[in-house]
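# Geometric and topological summary
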Amino acid sequence: MTKIQINGREVEADPKQPLIRACHDHGGDVPMYCYHPGLTPVGSCRICQVEVAAAPGQPSRVVAACRTPVSEGMVVSTDTPKAHDTRRECLEFLLKNHPLDCPICDKAGECDLQDYSFNEGQGKGRSSEPRRKLEKRKSLGDVIVLDEERCILCSRCVRFFSDVTKKPQLTVEGLGSRSVINTFMDKPLEGNYQGNLADICPVGALTSKKFRFQARVWNLSKTLSTCGECSRGCSISVEALRAKEVKRLRPRYNAAVNQWWMCDTGRHAMAPITRPLAPEGAVLGGRLRGAAVRGYNGLELADESAATALAADMLAAHPGALLVVSPFATQEEATTALELARALKATPHFVSPAANNLKDDLLHTGDPCPNRRGLTELGFAPIEPAAALAALAKAPAAVLAGERVLEILGHEGLAKLPTKLRLVAYDVETSDIPALDVVFPVPTHVEKSGHWVNVDGHRGVLNVAVPPPAGVRRLDANLAQLARKLAATPVGS
Amino acid sequence: MKDFPKYLLSRVGLPESHTLRTYRAQGGYAAIEDVLKKPWTPEQVIGVMKDSGLRGRGGAGFPTGMKWSFMPDITKDPRPRYLAVNADESEPGTCKDRVLMEKDPHGLIEGCLIACFAMRAKAAYIYVRGEYRLSYNRLQAAIDEARAAGLIGKNILGTDFSCDIWMHKGAGAYICGEETGLMESLEGKRGHPRPKPPFPAGSGLWKSPTTVNNVESIFNAPFIVKNGAEWFKSMGVPKSTGNFLLGISGHVNKPGVYELPFGLTARQIIDEVAGGVWKGRKLKAFFPGGSSTGLLPASMADVVMDHDSVKAAGSMFGTAAMIILDETASIPQVMDVTARFYDHESCGQCSQCREGTQWLHQIFRRIAHGKGSMADLDLLVSLSNGMAPAKTICALADAAAIPTLAAVKHFRHEFEECIRLGRDPLRQDTQHAPELHEAHA
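Residues numbered from 1 in each chain as written. Chains lettered and ligands numbered in written order. Predicted model: local features only at pLDDT ≥ 70, side-chain atom pairs only at ≥ 80, totals over all residues. Heavy atoms only, no water.

What follows concerns the overall build of chain A. Helix and strand counts for chain A come out as 13 helices and 23 strands. In terms of overall dimensions, chain A has C-alpha extents of about 90 × 50 × 35 Å along its principal axes. Per-residue burial for chain A yields a buried fraction of 58% across its 493 residues. Look at the contacts in chain A between residues 6 or more apart in sequence, and 64% of them connect residues 24 or more apart. Only carbon and sulfur atoms are counted for the fraction: they give 54% of the accessible area of chain A, which is about 20,000 Å². Taking the 60 positively charged and 55 negatively charged side chains of chain A as two groups, their mean positions are separated by 1 Å. (Helix = DSSP H or I, 4+ residues; strand = E, 2+ residues; numbered from the N terminus. Buried < 20%, exposed > 50% of the residue type's maximum accessible area, 1.4 Å probe, protein only. Contact = heavy atoms within 4.5 Å. Areas by Shrake-Rupley, 256 points an atom, 1.4 Å probe, with all protein chains shown as cover. Lys, Arg positive; Asp, Glu negative; His and termini not counted. Charge placed at Lys NZ, Arg CZ, Asp CG, Glu CD.)

A few words on the sheet that holds strand E1 (residues 82-87) of chain B. Residues and elements named next belong to chain B. Within the open sheet, the 4 strands sit side by side as E3-E2-E1-E4. Their pairing is parallel. A strand with exactly one partner marks an edge of an open sheet, and here the two such strands are strand E3 (164-169) and strand E4 (210-214). Put simply, the sheet's adjacent strands are angled 20° from each other on average, direction ignored. Sheet topology note: the strand E2 (residues 123-128)/E3 ladder contains 6 bridges and is parallel. Residue Ala123 lies in a different strand from E3, and its bridge partner there is Asp164. (Pairing = 2+ DSSP bridges. Axes fitted to C-alpha atoms, helices over the stretch in contact; angles between N-to-C directions.)

Our next topic: the nonpolar core. Counting residues in each nonpolar core, the largest one holds 64 residues, and the members touching the most others are Trp68, Leu108, Ile109 and Ile126 of chain B. For this core, the leading source of residues is helix H6 (residues 105-119) of chain B, giving 10 residues. Excluding residues within four positions of it along the chain, Leu108 of chain B makes contact with Val85, Met101, Ile126, Leu139, Val215, Ile218 and Phe219 of chain B. If you look at the next biggest cluster of nonpolar residues, it comprises 55 residues, including Leu39, Val143, Ile236 and Met270 of chain A. (Core = buried A, V, L, I, M, F, W, Y, C linked by side-chain atoms within 4.5 Å.)

Residue and element names in this part refer to chain A. What the 8 strands build is an open sheet, ordered E15-E14-E21-E20-E19-E16-E17-E18; its pairing is mixed. Unpaired on one side and paired on the other, strand E15 (298-301) and strand E18 (381-383) mark the two borders of the sheet. Between one strand and the next, the sheet's axes are offset by a mean angle of 25°, whatever the strand orientation. Relative to strand E17 (residues 348-351), strand E16 (residues 322-325) runs parallel, the two being bridged by 3 bridges. Paired with Val324 across the two strands is His349, which belongs to E17. Docked against the sheet, helix H13 (residues 475-488) engages strand E19 (397-401), strand E20 (422-427) and strand E21 (436-441), running at close to 155° with respect to E20.

This paragraph deals with the pairing of strand E3 (residues 49-53) of chain A. Moving residue by residue along a regular strand, the side chains alternate between the two faces of the sheet. Residues and elements named next belong to chain A. With respect to burial, E3 is a largely interior element, 5 of its 5 residues being buried. Here E3 shows a buried face lined by Gln49, Glu51 and Ala53 and a second buried face lined by Val50 and Val52. Where E3 meets strand E4 (residues 60-64), 5 bridges bridge the pair, whose relative direction is antiparallel. Considered in E4, the bridge of Glu51 is made with Val62. Pairing analysis gives 3 bridges linking E3 to strand E5 (residues 75-77), with the strands arranged antiparallel. Across the sheet, Glu51 pairs through a bridge with Ser77, a residue of E5.

A separate point is the pattern of salt bridges. Residue and element names in this part refer to chain A. What the rule picks out here adds up to 60 salt bridges over all chains. Residue Glu407 is joined to Arg404 by a salt bridge in which the shortest nitrogen-to-oxygen separation is 3.5 Å. Glu407 sits in the partly exposed class, given a relative accessible area of 36%. Look at the salt bridges and you will find they share partners, linking Glu110, Asp199, Glu239, Arg248, Arg250 and Arg267 into a network. (Salt bridge = Lys/Arg side-chain N within 4 Å of Asp/Glu carboxyl O.)

Attention shifts here to the pairing of strand E9 (residues 180-183) of chain A. Residues and elements named next belong to chain A. Here E9 shows a buried face lined by Val180 and Asn182 and a second buried face lined by Ile181 and Thr183. In this sheet, E9 lies alongside strand E8 (residues 170-173) in antiparallel orientation, the contact comprising 4 bridges. Bridge pairing links Thr171 to Asn182 in E9. Linking E8 back to E9 in an antiparallel pair, the connection comprises 6 residues, with Gly174 at a positive phi of about 85°.

Counted under the stated rule, the structure contains 25 aromatic pairs over all chains. Note on Phe160 of chain A and Phe161 of chain A: the rings are 5.4 Å apart at their centroids and 70° apart in plane angle, and the pair reads as edge-to-face. Across from the ring centre of Phe211 of chain A, 4.3 Å away, lies the NZ or CZ of Arg248 of chain A, which sits over that ring. The ring of Trp166 of chain B carries Arg147 of chain B above its face, with NZ or CZ at 5.3 Å from the centroid. (Phe/Tyr/Trp six-rings, centres within 6.5 Å; stacked < 30°, edge-to-face > 60°. Lys NZ or Arg CZ within 6 Å of the ring centre and 35° of its normal.)

A word on the interface of chain A and chain B. Taken together, the contacts link 34 residues of chain A with 34 residues of chain B. Taking both sides of the interface into account, the surface hidden between chain A and chain B amounts to around 2,900 Å²; carbon and sulfur atoms contribute 52%. Across the pair Glu89 of chain A and Lys391 of chain B runs a salt bridge whose closest N-O atoms are separated by 3.0 Å. At the boundary of chain A with chain B, the tally comes to 18 residue pairs in polar contact (both at pLDDT 80 or more). By residue number, the principal contributor to the side of chain A that touches chain B is helix H2 (residues 81-96) of chain A, which donates 7 residues. Here the residues of the side of chain A that touches chain B sort into 11 nonpolar, 12 polar and 11 charged. (Buried area = accessible area lost by both parts, 1.4 Å probe. Polar contact = N/O pair within 3.5 Å; in protein donor to acceptor, adjacent residues only side chain to side chain. Nonpolar A, V, L, I, M, F, W, Y, C, P; charged D, E, K, R; others polar.)

Here the focus is unusual backbone geometry. Look at the link from Lys196 of chain B to Pro197 of chain B: it is a cis peptide, with omega at -5°. When you line up the elements, Pro197 of chain B lands in the loop between helix H8 (179-186) and E4. Notably, Arg46 of chain A is not glycine yet its phi reads approximately 70°, a positive angle. When you line up the elements, Arg46 of chain A lands in the loop between helix H1 (19-25) and E3. The class for Arg46 of chain A is buried, based on a relative accessible area of 9%. Phi angles above zero are rare outside glycine, and Ala390 of chain B is one such case at about 55°. Tracing the backbone through its elements, the reader meets Ala390 of chain B in the loop between helix H14 (374-387) and helix H15 (396-421).

What follows deals with the domain arrangement of chain B. Interfaces are often sized by the accessible area lost when the parts come together. Residue and element names in this part refer to chain B. Its domain assignment divides chain B into domain 1 (20-234), domain 2 (237-326) and domain 3 (331-440). Averaged C-alpha coordinates put domain 1 and domain 2 at centres separated by 27 Å. Listed per partner, the contact involves 21 residues of domain 1 and 22 residues of domain 2. When domain 1 packs against domain 2, the two sides together hide about 1,500 Å² of surface, and 54% of this comes from carbon and sulfur. Between Arg55 and Asp308 there is a salt bridge; the shortest N-O distance is 3.2 Å. When contributions to the side of domain 1 that touches domain 2 are tallied by element, the ones reaching two or more residues are helix H5 (96-103) and helix H9 (215-233). Among the residues making up the side of domain 1 that touches domain 2, the classes are represented as 7 nonpolar, 8 polar and 6 charged. (Domains from an automatic or database assignment.)

Below is the structure:
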């Protein structure tokens, strides 16, 4: 570590990192546009200028903190009038051609340029020249749209592809004030990581087609969570409009797992967490609103404690039940499921679908089971959907538990199961499965707290981002209740 | 003007001056032969270059020998090392290197060999401005001739010194004449200058130690090696030694490239070398060293043309490309054109330069077309101070800001006159220029 002085304080700085990191680590408020800790610094936007002297008493000069190495004894001031003035001048140039259309810009509220202009900018611009007229909505593929007028040419997006995915796709085209960002030969962007561009763009130039005009960001609540699309378990933030409706999933920095990035598959996995409810009074055609049991007219909504009692009775009367949980089951749910397994004298399984073809060398593992490692460590055995269905066809009774367990096993296969099977299920939604006797609703992974263990053994946290629908209880509470009931009614009695 | 020894242009007037035969007949390649066969050590070559006091002729005037000595010690740093010769001469007003490349290409090649020997470089790259087609062809032909004669390649002149020289053609960007922009371009990338540090001597071409020198600087090397540092120091003034090539253009009777010693005044050069201001008119102003150096008014024409004197007068010696403006020239129009150049040539990386060069141009254009306001003049000064000095990755922002500040300082009254009248009284054409950046719409 190198000893330097920042704003009068002696601090230790990492000599491998540029000065701007030391400034940020030690409370110096230095803005940045072209600098991103995950990308090669280029030092082109010049907004991170700070005053630096080689040693106390030495003459100082203003330098770009992102391209300045730290050196022993250097004296750094982020807050002097000279530093502020230099940054303010730079800001004025950056705003010269920026359209300042914040009221209609998706980035407003989380825009670095807006924030810094608000803090430091002049109330009135000095430019009377016409602003650049460029393309306002240039499609760069299925995910991203570019507003050339808002672009401040920081080149983060260009470097994202060359540094992170290692497949350059964007470039700066033209020279000087005629520069614009473009793909090579106007080809649309490719790959599973395009969505990150909307996150790294410091202004509203690159926005997500899916999120565009969906919400003002200051109305979004942000909840720490974990992505469930593969066993990488990227740390994410679940962002919901007024804490009710999930509008956006974004990566959250995690040095050990995903750094600043996430794949588009995970980012756009909105369907499983924004499923509409079944019509009032109905069991099918949307998310389950409450427990249901097979009655005269098929599955009918029922009182939950009565349904639990019925499930316990059935399972007690038909020993040898199979227990299969969802790969989305949290450690907490799985631990309760183990209690149930003991009560049922069943071997705990989790359904493990085959690897998909999304595996890449950046983040996606291709394994669609977010908690494979955690479930395996708890003693659950993986079972392929086809094998599970074959076992179910022979079993006297079964409990299928967890988010999307029925979907992963396959509704078609489930529909063919013999009706003599006593089947109890816990899932977000069900189809009309003839063998299904009792079904309970469960929350999705953005509606509950818990943990998953990723492929490398890191615990990813889940938190309640939006409340589950009325009448939907936690799965672990439901399983525990069933296990208690079974313990009171010994199996085979 | 009294007589003085000439050497830089001593061969250019000879018939077939670009051929190996002529060059050899004039004692060409004797310097490198001496260096290789005596033999000299690389340190001795750097030593004589340092002693000579030669200052780089590419604009900044940095001592060439000193620059060579920055290359890391080969025993501690085994990376390959390179020489890059900056022949991307594109500063408005500058046209001196072209004469050397077209008329005396072997002189440059011999200089490259000496420089490569001194810096233990295995290869030199000559980055030639794309528009200089004859320079490129002559140099390429000279390289081929020299290679055939065993002067380039493996075991030069039968010694264990090997060195290759390659050519690279620019594609028309001024910014590729900036040394790090040049290196990026040579590597096949966009000519975006690199932030320094690291400096080229530490990490240049392909992350290896590299020295970038101007054509004329390299061209001086064989003469210095052959005749010694004392000979070189006997010319010029104490801190600017040797002769330099002056490119003089604009409103003079005899524009052209001249070899001159340091120490003449600008007025002497204009009157005695370039035949005086044309059409019997009076001098109004001049750029002493290319369009990036601050414009000086006629009242300062007694400045001595050497690096330090011009600097003391508030401008720069630059590439010794004097642009002479007579009394009919409109400074607002001159600055409109100058600012347009920098707006067009900014690479666009740094915010201040990308937006600032455009902004300066827009303001100058308005003033020159009678649409300015008095507040514009203070804005020009304020913007220029926001762009320079040394606030950006390279010096292009400075190159746009420096002449702006000088023009407003020395010719404020002319700008004010344009603004007050709502037209430029010195404008001769009545045609209105198209709106800025129409192409973007």
